[in-house]
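# Structural description and commentary
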Amino acid sequence: MRIVSCLGILAVAALLLTGCGKTQRQTAADRAAQEGILLLGNGTEPKGLDPHTVTGVTEHNLISSLLEGLVAEDPKTLKPVPGVAESWDISPDGLTYTFHLRENAKWSNGDPVVAGDFVFSFQRILSPGLAAEYAYMLYPLTNAKEFNEGKLTDFAQVGAKAVDDHTLVLSLHDSVPYFLQLLNHYSWWPVHPATILKFGAIDNPQTPWTQPGNYVGNGPFILKSWQTNQKIVVVPNPLYWDAATVKLKGIEFLAIDDTETEERAFRNGQLHVTYSVPLHRIEYYQKTEPDLLRIDPYLGTYFYRLNCTHKPLDDPRVRRALAMTINREQICRAILKAGQLPAYCLTPPNTGGYVCEAKLAEDLAEAKRLLAEAGYPDGQGFPELRLLYNTSEAHKVIAEAIQQMWKTSLGVQITLDNQEWKVYLDSMRRMDYDIVRASWIGDYNDPNTFLDMWVTDGGNNRTGWSNADYDRLIEAASRERDPAARFQRFQEAEALLVNELPILPVYFYVRATLIRPQVQGWYPTILDHHPYKYVSFATP
């Protein structure tokens, strides 16, 4: 028998480990996958983890791992499926929903999840003192709007009743065809009453209850750690009623707001899924590594808000002139390059079967005429306006392109202002802007999610625009039970919006991400929701 020297053994081992001389480096993503930990790019640092005070996609991605509502989502279709409620009954007139809660649903501290927790949570988000921007999501409940506006102080008159610990009855003032979808929005998710009250009053938004060690949730994961501007780590919740379905051993949500940095992290094996893709890298991945690039439908619109309380933007002629001189086709074709569609209205096509009929025209001659009629011929005397956007290379490039379009076409000067996410959100909330980059991703697949924002003093209006006819049409749509007549009210309302333009639609989204093939259960969905309990890694 021939003896192989130690050196020979080492050489053979090295050859086997390197794949016959080709180096195969094990990356952080490889090691994490072996441990069952998902490394997820999540854009910027979240504003918070309180479902009743946040408004962003970044926050939704995190909170959906920590909390669960009455219903959950099918991972492929997003159709409502049982969540905390194992079943429900709907009255023939569509005005009463009776939810039957699971007896084995628990909070992460061991307390049972009971119907009263939902009543408490609904009272909290509707409390005027909390000033929740998403409070209007609960307005389908009887008297919810009146309570939120302070016209009613007795919450017992709001349509949310705990019959017993496992029976919750919700009463609506009008039938809402998408109501079960609505319940999948985090504004409807419960918070743990004792934890909220331990750290402050029911309507105090500034308490530390969302910090690690304090956070009590009822979702498939629990909060382990939060390193500001770095990462948030969640681990499986052993008390979750469906813990057996959860395959991941943890998720690390990485705060990387620079798309170039995030793409390098993915390329270097530090991420499994990115939040986005740098615009100039999309074509590269399409041609060379298409198996890593996902471009999926996404129910969202990219637009600019205009501060209608600032001159000269209080003049609809000025707003129309600005809108008419944005070359949306060029932005989609030359800058975005991932199949985005130019937006000539707000609501994406085929949202719940609705297609907007009113269309904004791009018309340079008419834009010049309108601007001159408003008192600014060829831009003369037009004040320099500030365009605000949050940190992102894509937002910067688009803003620079539109800035140049307005300068060339209208003689209008615009300065660009970049702010970090939390500062940007606060500036927009306080309406400390002239023009601001914005977007809206549908909360559910119905045109109402795009159109009800613009009612007078709506929580997400933030433009100062008000139109009594628009308010009346949105209210009429909310009470209309005939689907065709309901869509007609939306058509009339959107025609007003397109005519007066407190916002400038730019393009309809697609979702472009980089994802490693080993990630399983990450299905394309129109809202880009991916229930984490169904996500896993392929067996090597």
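Rules of the game
Residues numbered from 1 in each chain as written. Predicted model: local features only at pLDDT ≥ 70, side-chain atom pairs only at ≥ 80, totals over all residues. Heavy atoms only, no water. Helix = DSSP H or I, 4+ residues; strand = E, 2+ residues; numbered from the N terminus. Rg over C-alpha atoms; globule rule 2.2 N^0.38 Å. Contact = heavy atoms within 4.5 Å. Buried < 20%, exposed > 50% of the residue type's maximum accessible area, 1.4 Å probe, protein only. Polar contact = N/O pair within 3.5 Å; in protein donor to acceptor, adjacent residues only side chain to side chain. Axes fitted to C-alpha atoms, helices over the stretch in contact; angles between N-to-C directions. Parallel < 35°, antiparallel > 145°, perpendicular 65-115°, else oblique. Left-handed = near helix turned anticlockwise from the far one by under 90°. Salt bridge = Lys/Arg side-chain N within 4 Å of Asp/Glu carboxyl O. Pairing = 2+ DSSP bridges. pLDDT = per-residue confidence, 0-100. Core = buried A, V, L, I, M, F, W, Y, C linked by side-chain atoms within 4.5 Å. Arc of directions from axis to C-beta.

### Things to note about the overall build of the protein chain
- Looking only at helices and strands, the protein chain has 17 helices and 18 strands in total.
- Radius of gyration (C-alpha) of the protein chain: 25 Å, near the 24 Å computed for a compact globule of 540 residues.
- A principal-axis box enclosing the C-alpha atoms of the protein chain has dimensions of 100 × 60 × 40 Å.
- Once local pairs closer than 6 in sequence are excluded, the contacts in the protein chain between residues at least 24 apart make up 69%.

### Some thoughts on the environment of Ser466
- Residue position: Ser466 is located in the loop between α15 (448-451) and α16 (468-479).
- A residue is classified by how much of its surface remains accessible, and Ser466, at 45% relative accessible area, is partly exposed.
- On a C-alpha basis, the gap between Ser466 and Val535 in space is 44 Å, while along the polypeptide they are 69 residues apart.
- Side-chain polar atoms of Ser466 contact the side chain of Thr456, separated by 2.7 Å.

### Points about the packing of helix α10 (residues 316-324) against helix α12 (residues 364-373)
- Running from N to C, α10 and α12 cross one another at 155°; their axes reach a closest spacing of 8 Å. Between α10 and α12, the interaxial angle falls into the category roughly antiparallel. The element α10 and its partner α12 pack so that their crossing is left-handed. Residue-level inspection shows Arg317, Val318, Arg320, Ala321 and Met324 of α10 in contact with α12, the latter providing Glu366, Ala367, Leu370, Leu371 and Glu373.

### With respect to the pattern of salt bridges
- Enumeration over the complete set of coordinates arrives at 28 salt bridges.
- With a shortest N-O distance of 2.7 Å, Asp528 and Arg511 are connected by a salt bridge. With a gap of 17 residues between them, Asp528 in the loop between β17 (519-520) and β18 (536-537) and Arg511 in strand β16 (residues 503-514) connect regions that are remote in the sequence.
- For Asp528, a relative accessible area of 12% corresponds to the buried category.
- Taken together, the salt bridges that share partners define one network made up of Arg386, Asp417, Asp426, Arg429, Arg430 and Asp432.

### A closer look at the sheet that holds strand β13 (residues 385-390)
- Taken in spatial order, the 6 strands of this open sheet run β12-β16-β11-β15-β13-β14, and their pairing is mixed. Edge positions in the open sheet fall to β12 (341-342) and β14 (414-419), since each of these has one partner strand only.
- Pairing of strand β11 (residues 293-306) with β16 involves 10 bridges; the strand directions are antiparallel. Bridging across to β16, Thr301 finds its partner in Phe508.
- Against the sheet, helix α11 (residues 328-336) contacts β12 and β16, and its axis sits at roughly 20° relative to β16.

### Concerning the confidence of the model for the protein chain
- Residue-level pLDDT values for the protein chain average 94, and 96% of them are 70 or greater.
- Note that residues 1-23 has pLDDT below 50 and, in this model, 4 contacts with residues that lie over four places away or in other chains.

### A short note on the nonpolar core
- Formed by 147 residues in total, the largest nonpolar core has its most connected members in Phe99 and Trp406.
- The greatest single-element share of this core, amounting to 8 residues, is contributed by helix α13 (residues 393-410).
- Not counting chain neighbours up to four residues away, the residues in contact with Trp406 comprise Tyr304, Leu322, Thr325, Ile326, Leu387, Gly411, Val412, Ile414, Ile435 and Leu504.
- Counting 17 residues, the second largest nonpolar core, distinct from the first, contains Ala265, Leu271, Val277 and Leu293.

### Thoughts on the sheet that holds strand β10 (residues 250-254)
- Pairing is mixed across the open sheet formed by 4 strands, whose spatial order is β1-β10-β9-β8. Taken across any chain shown, the strands that pair with only one partner, and hence form the sheet edges, are β1 (37-41) and β8 (221-227). Taking the axes of each pair of neighbouring strands and ignoring which way they run, one obtains an average angle of 20° across the sheet.
- When β1 meets β10, the two strands line up parallel, connected through 5 bridges. Paired with Gly41 across the strands is Leu254, a residue of β10.

### Side note on the environment of Gly159
- Along the chain, the position of Gly159 falls in the loop between α5 (144-148) and β6 (160-164).
- For Gly159, a relative accessible area of 6% corresponds to the buried category.
- Each C-alpha atom of the pair Gly159 and His529 lies 29 Å from the other, and the pair is 370 residues apart in sequence.
- If near-sequence neighbours (up to four positions away) are discounted, Gly159 is found in contact with Leu141, Thr142, Val169, Leu170 and Ser171.

### Describing helix α2 (residues 28-35)
- Those residues of α2 that fall on the buried side of the exposure criterion are Ala29, Ala32 and Ala33. Projected onto a plane normal to the axis of α2, the buried residues spread over an arc of 100° and lie on a single side.
- For α2, the elements touching its buried residues are β1 and β18.
- Backbone geometry just after α2 places Gly36 at a positive phi near 80°.

### Describing the pairing of strand β9 (residues 231-236)
- In the sheet, β8 pairs with β9 via 6 bridges, with the strands oriented antiparallel. Residue pairing for β9: Phe221 is matched across the bridge by Pro236.
- The pairing of β9 with β10 spans 4 bridges and is antiparallel. Within the sheet, the bridge partner assigned to Ile232 lies in β10 and is Phe253.

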